[in-house]
Structure formats: C-alpha cells, structure tokens
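These are the residues of each chain, in order.
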Amino acid sequence: MIYFDHAATTPIDEEVLLSMMEYERGGRGNPGRGLHAFAQRANDAVFLARQAVARFVSAEVDDVIFTKGTTESCNLVARGFASTRKNIVLTAFDHHATLFPWTKKAQEEGFEVRVIPAKEDWTLDFEAAARLIDVDTAIVIAPHVSNVTGTILPIAELGVLAHAVGAFLFVDAAQSVGHLPVSVRDLGCDGLAFSGHKMYGPMGAGVLVMNEKLRALVDPLLLGGGMFGDEQSAKYEAGTLNVTGIVGLAKACEMIEGRRVRNERGMAVETHSMRLLNDALSDRPAVELFVPPVEARSSIVSFGVRGVHAHDVAQSLADRGVAVRAGYHCAEPLAKLCRADGTVRASLGKSNTKEDVAGFLRTLDEVIALWTT
Amino acid sequence: MDNLAFLLDHARNPRNFGVPSDFDVREDIKNALCGDELTLYVSVSDDVVTEVAFTGAGCAVCLASMSRLTQEVRGRKLAEIAQWGLAEVERWIRTPVSPMRVKCALLGLNGLQNICLK
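Every value quoted in this text rests on a predicted model; they were computed, and no experiment measured them.

Some points on the overall build of chain A
Stage number 1. When helices and strands are tallied, chain A shows 13 helices and 13 strands.
Stage number 2. Along the longest, intermediate and shortest principal axes, the C-alpha atoms of chain A span 70 × 50 × 35 Å.
Stage number 3. Burial status across chain A gives 58% buried among its 373 residues.
Stage number 4. Within chain A, contacts between residues separated by at least 24 positions form 70% of all contacts whose residues are at least 6 apart in sequence.
Stage number 5. Here chain A has roughly 15400 Å² of accessible surface; of this, 54% comes from carbon and sulfur atoms.
Stage number 6. Put simply, chain A has 37 plus and 46 minus side-chain charges, and the middle of one group is 2 Å from the middle of the other.

So this is what it looks like as structure tokens:
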C-alpha cells in the first residue's frame, strides 16, 4: 500500500512497539497505588515519560498532563475554563476537536465566538486576527498545522496578539508534532495538545500542556482516584493512566527528537516528497489544489479532481492500494470552503519516498482517466 | 456494458432527474458526513408509488443508487418498499458497496422509506 494518510494516523514505530511490549512483559502495576515493585515500576515509567515529553516540546515537567488524545485535551480545557471576559477566538482552520467544545461552551456560558478567517491563499488572515483579538478576549485557540490544507499557522505571532490583551493562547498541535519541531517556549502558548498516534506512537495516549496561569482557571474534566497525587498534573489525571501507551508515547518523542538531532534527512525526505507531490499535482489540469504558499506548508495537501466527487476519487485510489482521506476531515467549515463535497487529502510521513509519490501519481492518473472519460 | 460503466452511466446521467410538474411529497435528505444532498419528489396513489424523481448532488454511489431506485420503485406498494435494503441496492447498481459507502448507497432509499412511513 502507498500510505498517504498520516494526518489520520501514523504507523506505529517499531522501537515504540518494542518499548510497550517490554513494559507490559516486565510486570504491570498501577502508578501511585501500591508499595510493591510493580507499582513502583509504573510510577517510574510515568515519571520518566513525563520528562521525555516535556523535553520534546520544551515545556515544564509540571505542565505536562497525560490524556487519551488531542480531543480529550481540548475538551478538558474548554469544559473546565472559567473567565469573566466576553469572547473567545477560534480560526477557520480549527478541527472539530476545538470547534465543538468551545462553541458549546460559548452557547452555555454566553461567550461571543469570533473566527479568524482564512485568506484566498489558504493562510490565516492575520490582519483580521489583530482586529478580532481585543481586551474582551478570554482565549485564542488555533491549530499549529491545518489538517485540511496543511497550512502552518503563525502561532507565535498570534501569541503576541493574545498576550498583549491578557488573553490565553491554546494550540492544537496534533498535525505538527510528527512533522515539525514543536516548542511551547518558542510558540509562546499557554496550552498545547497532541496525540501519540499522529507521531508514530500508540492510540489512546496524548498530552495536554498547560502552564500554571492557565491551570489556575481550568477545572478538571474527570474526578476520581489518583487526582490528589504530588504532581501538578495529578488533578487532571483521575483514573488509571494508560501507562503502556504513555511509555510508547514517550518513546515516540525520543525517537523523533533523536532522528531530528542526529540526522535531518528524515524530515528533509518528507519535505522533498511533499514538494514533488505538490508540483506534480499542480501540473495536472484535472486537479485543483487547496494549498498555501510553500513557506507556510506542511506535509498535507488537499486537492480535488474537477467534476468528480471526492469520495469517488478516494475509493478508486483505495481500490488500487493508495490510502488517502476524502470529505470534510472533521474540519467541515474549512473543507467546505475548499469544495462542497470536501477534498481528497494526501498526507505524507517519515517513510514516504519519491517512489511513493511516483506510484501515487500513476494511480491518480488512472483514476482521473476512469472518471473523466 | 460492464458493471463499473453501468454505475458511471447512472451517476453521470441519472434517470428521473429534475423537478416533476406534479408530485405529492417533497423531502430533502442529506448525508452529513460526505455532503450528498438530494431532494425527492414522490407521487403516491392507493399505497402505491406511482412516480419518484429527484434533484441534488452526491457521489457516484449515491446518484447511481437513487437513479436505479426511481426505476425500480414505480408501481410498487409502500409495504414492499419498506422491506428493501442494501442487498436490493447492490443488485440494482450491480456493485457491492463497501461499509464506508453504505450510507451513500442507502441515502435515497432511506429517504423514500421515511416518506412512506408518514
């Protein structure tokens, strides 16, 4: 299979899988709930994982909270957030994981929802952002990378706008962590969320980073056992943690950081493959692209075949061994801005090569011929 | 005509497509997950469907299924239509439908069945 659906999920890295199996085989315990060796082993595993994650995103260890994934992280912040200010600011690029909980909160608590629009070149309208973020803004929420257009948003600049008026900045980093360096410090955000399975780690393990200022205004989502532990994060980690998943998530962080430090080639191959793909797609008159300028682009490209429904293209590609996604990508407002039926989305990863791109293009040409002649 | 060509023919040239001059019921139906949107125009007499036409846009599976439904349903009793399901639709379009496309294939039939129940 030519797998171009990394934005949906990534194949688990072999090192990650081995680390999880090794943890399970060494004796499972419940962290913070026993005095025996297995419980201590679980404590140690979570402790070390929290440090690894903090290093990976340049965050304070105390700010790292383990969740089930990005959606739970985003819901935790939205549901628990309290402010006396009057509006919250989202973007046209936001995924349903941020759109739904924050618009529900706004309906329930009377916040005005403001949305920073996209420009025609699929970048963020920063001038509009400067108008929409004001002294009544409680929080600005934005994805680091759009899961539809692959746009890299100007997060640090949004942070400057938000902090200048005393608002918080929360970032959905689900689509950036496996592909770009992500630093809470450099992005200047107060909160950040991501999922292990989007970065070659396991499903069911994710991260919420919240600094102390934001934590002071966010109540926990879940109440239950283990929430009165010593760590700052304990308040938000009621219930039994997915320790095996957390072990895998930490290994994925180390693996990606190690590759980045030792050898940039992995990232460069992905970037190069992406450029080949974009250039080739733009040479095909039957294809319409929904991509930002190259300097604002990640490893995702959304496109359509003129006159052919996105699902028909994706199904025909799937029947020929090529994996993409089609439709609204859980980001319906943005996807519908592109096309009424959504888009076909190709999203590359660390193992995709120029041979994969060539194979994809051959297959796409067959599919275009099938549907347009 | 092979099966794929048959499906494509009905998707590109759907039968009974357009607003009829006369109808008893109009119903808008939508597949929220993928954007298939159809409007059904149905005429019924003595519990028998006499005519079904439609407008709208959707994927090939949705349009072809709806096109074939309009051909199969004419003269059929409401009670019979209520029993139809995926097996019938797959037979009509001569193509098995993958699990992810079942909602596309059944959009029109389910919409018609909802009308028949009212």
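Comments concerning the pairing of strand β8 (residues 206-210) of chain A
Residue and element names in this part refer to chain A.
Stage number 1. Judged by how many residues are buried, β8 sits mostly within the fold: five of five residues are covered.
Stage number 2. As defined by bridge partners, strand β7 (residues 191-195) adjoins β8 across five bridges and the pair is classed as antiparallel. Considered in β8, the bridge of Ser195 is made with Gly206.

Quick look at the confidence of the model for chain B
Stage number 1. Per-chain confidence: chain B averages 93 in pLDDT, with 100% of residues scoring 70 or above.
Stage number 2. With a pTM of 0.93, the predicted complex shows an ipTM of 0.86.

Brief notes about a nonpolar patch on the surface
Stage number 1. On the surface, a nonpolar cluster with roughly 300 Å² of combined accessible area is contributed by Ile12(A), Leu17(A), Leu18(A) and Met21(A).
Stage number 2. Within the secondary structure, Ile12(A) is located in the loop between β1 (2-3) and α1 (14-25).

Notes on the sheet that holds strand β4 (residues 112-116) of chain A
Residues and elements named next belong to chain A.
Stage number 1. Reading across from one edge, β2-β8-β7-β6-β5-β3-β4 is the order of the seven strands in this open sheet, with mixed pairing throughout. Two strands in the sheet have a free side with no partner beyond their single neighbour: β2 (64-67) and β4. When strand polarity is set aside, the average angle formed by the axes of neighbouring strands in this sheet is 20 degrees.
Stage number 2. Judged from the five bridges that link them, strand β5 (residues 137-143) and strand β6 (residues 168-172) form a sheet pairing that is parallel. Bridge pairing links Ala142 to Val171 in β6.
Stage number 3. Packing against the sheet, helix α3 (residues 70-80) makes contact with β2, β6, β7 and β8, and its axis sits at approximately 30 degrees to β8.
Stage number 4. Across the sheet, helix α6 (residues 155-164) is in contact with β4, β5 and β6; its angle to β6 comes to roughly 155 degrees.

Focus on the packing of aromatic side chains
Two descriptors summarise a pair of aromatic rings, namely the distance from one centre to the other and the angle between the planes of the rings.
Stage number 1. Summed over all chains, the structure comprises nine aromatic pairs over all chains.
Stage number 2. Measuring from ring centre to ring centre gives 5.1 Å for Phe4(A) and Phe360(A), while their planes differ by 35 degrees; the resulting arrangement is tilted. Here Phe4(A) is found in the loop between β1 and α1, whereas its partner Phe360(A) is found in helix α13 (residues 354-372), with 356 residues between them in sequence. Of the two residues, Phe4(A) and Phe360(A), both sit in the buried class.
Stage number 3. When the centroid spacing of 6.0 Å and the interplanar angle of 90 degrees are considered together, the rings of Phe81(A) and Phe168(A) count as edge-to-face. Of the two residues, Phe81(A) is situated in the loop between α3 and β3 (87-91) and Phe168(A) in strand β6; the sequence distance between them amounts to 87 residues. The pair formed by Phe81(A) and Phe168(A) is uniform in burial state, with each residue classed as buried.
Stage number 4. Ring pairs connect the aromatic residues Phe4(A), Phe303(A) and Phe360(A), which therefore count as one cluster.
Stage number 5. Over the ring of Tyr200(A) we find Lys350(A), and its NZ or CZ is 4.7 Å from the ring centre.
Stage number 6. Sitting over the ring of Phe6(B), Arg94(B) keeps its end group 3.7 Å from the ring centre.

Here's the deal with the side chain of Gln113(B)
Residues and elements named next belong to chain B.
Stage number 1. The topology assignment puts Gln113 in helix α5 (residues 102-117).
Stage number 2. Given the relative accessible area of 12%, Gln113 is considered buried.
Stage number 3. What Gln113 contacts, discounting residues up to four positions off in sequence, is Ile81, Ala82, Gln83 and Trp84.

With respect to the environment of Val171(A)
All names here are of chain A.
Stage number 1. Its location among the elements puts Val171 in strand β6.
Stage number 2. Sequence separation between Val171 and Asp190 is 19 residues; the distance between their C-alpha atoms is 8.2 Å.
Stage number 3. Those residues in contact with Val171 that sit more than four places away from it in its chain are Ala142, Pro143, His144, Ile155, Cys189, Gly191, Leu192 and Ala193.

So, the interface of chain A and chain B
Interface size, as often reported, equals the accessible area lost upon joining of the parts.
Stage number 1. If you look at the interface, chain A gives 12 residues, while chain B gives 15 residues.
Stage number 2. Where chain A abuts chain B, roughly 990 Å² becomes buried across the two surfaces, and 51% of that area is made up of carbon and sulfur atoms.
Stage number 3. In terms of surface lost to chain B, no three residues of chain A exceed His309(A), His311(A) and Trp371(A), which account for 42% of the buried area on that side.
Stage number 4. Viewed at the interface, chain B and chain A are joined by one salt bridge.
Stage number 5. Between Asp312(A) and Arg101(B) there is a salt bridge, with the nearest N and O atoms lying 2.8 Å from each other.
Stage number 6. The interface formed by chain A and chain B includes seven residue pairs in polar contact (both at pLDDT 80 or more).
Stage number 7. Secondary structure elements with two or more residues in the side of chain A that touches chain B: α11 (310-319), α12 (332-338) and α13 of chain A.
Stage number 8. Looking at the side of chain A that touches chain B residue by residue, the classes come out as three nonpolar, five polar and four charged.

Description of the nonpolar core
Stage number 1. Counting 64 residues, the largest nonpolar core has Leu277(A), Phe360(A) and Leu364(A) as its most contacted members.
Stage number 2. By residue number, the principal contributor to this core is α5(B), which donates eight residues.
Stage number 3. What Leu277(A) contacts, discounting residues up to four positions off in sequence, is Phe4(A), Val301(A), Ala346(A), Leu348(A), Val357(A), Phe360(A) and Leu361(A).
Stage number 4. Val57(A), Leu192(A), Leu241(A) and Cys253(A) belong to the second-largest nonpolar core, a separate cluster that totals 60 residues.

Overview of helix α4 (residues 86-93) of chain B
Residue and element names in this part refer to chain B.
Stage number 1. Listed in full, the buried residues belonging to α4 are Glu88, Val89, Trp92 and Ile93. The buried side chains of α4 occupy one side of the element, clustering within an arc of 120 degrees when seen end-on. Relative to its buried face, α4 has exposed residues pointing more than 90 degrees away, namely Ala87 and Arg91.

Basis of the calculations
- Residues numbered from 1 in each chain as written.
- Chains lettered and ligands numbered in written order.
- Predicted model: local features only at pLDDT ≥ 70, side-chain atom pairs only at ≥ 80, totals over all residues.
- Heavy atoms only, no water.
- Helix = DSSP H or I, 4+ residues; strand = E, 2+ residues; numbered from the N terminus.
- Buried < 20%, exposed > 50% of the residue type's maximum accessible area, 1.4 Å probe, protein only.
- Contact = heavy atoms within 4.5 Å.
- Areas by Shrake-Rupley, 256 points an atom, 1.4 Å probe, with all protein chains shown as cover.
- Lys, Arg positive; Asp, Glu negative; His and termini not counted.
- Charge placed at Lys NZ, Arg CZ, Asp CG, Glu CD.
- Pairing = 2+ DSSP bridges.
- pLDDT = per-residue confidence, 0-100.
- Patch = residues over 30% accessible without salt bridge, like charges linked within 9 Å, V, L, I, M, F, W, Y side chains within 5 Å.
- Salt bridge = Lys/Arg side-chain N within 4 Å of Asp/Glu carboxyl O.
- Axes fitted to C-alpha atoms, helices over the stretch in contact; angles between N-to-C directions.
- Phe/Tyr/Trp six-rings, centres within 6.5 Å; stacked < 30°, edge-to-face > 60°.
- Lys NZ or Arg CZ within 6 Å of the ring centre and 35° of its normal.
- Buried area = accessible area lost by both parts, 1.4 Å probe.
- Polar contact = N/O pair within 3.5 Å; in protein donor to acceptor, adjacent residues only side chain to side chain.
- Nonpolar A, V, L, I, M, F, W, Y, C, P; charged D, E, K, R; others polar.
- Core = buried A, V, L, I, M, F, W, Y, C linked by side-chain atoms within 4.5 Å.
- Arc of directions from axis to C-beta.

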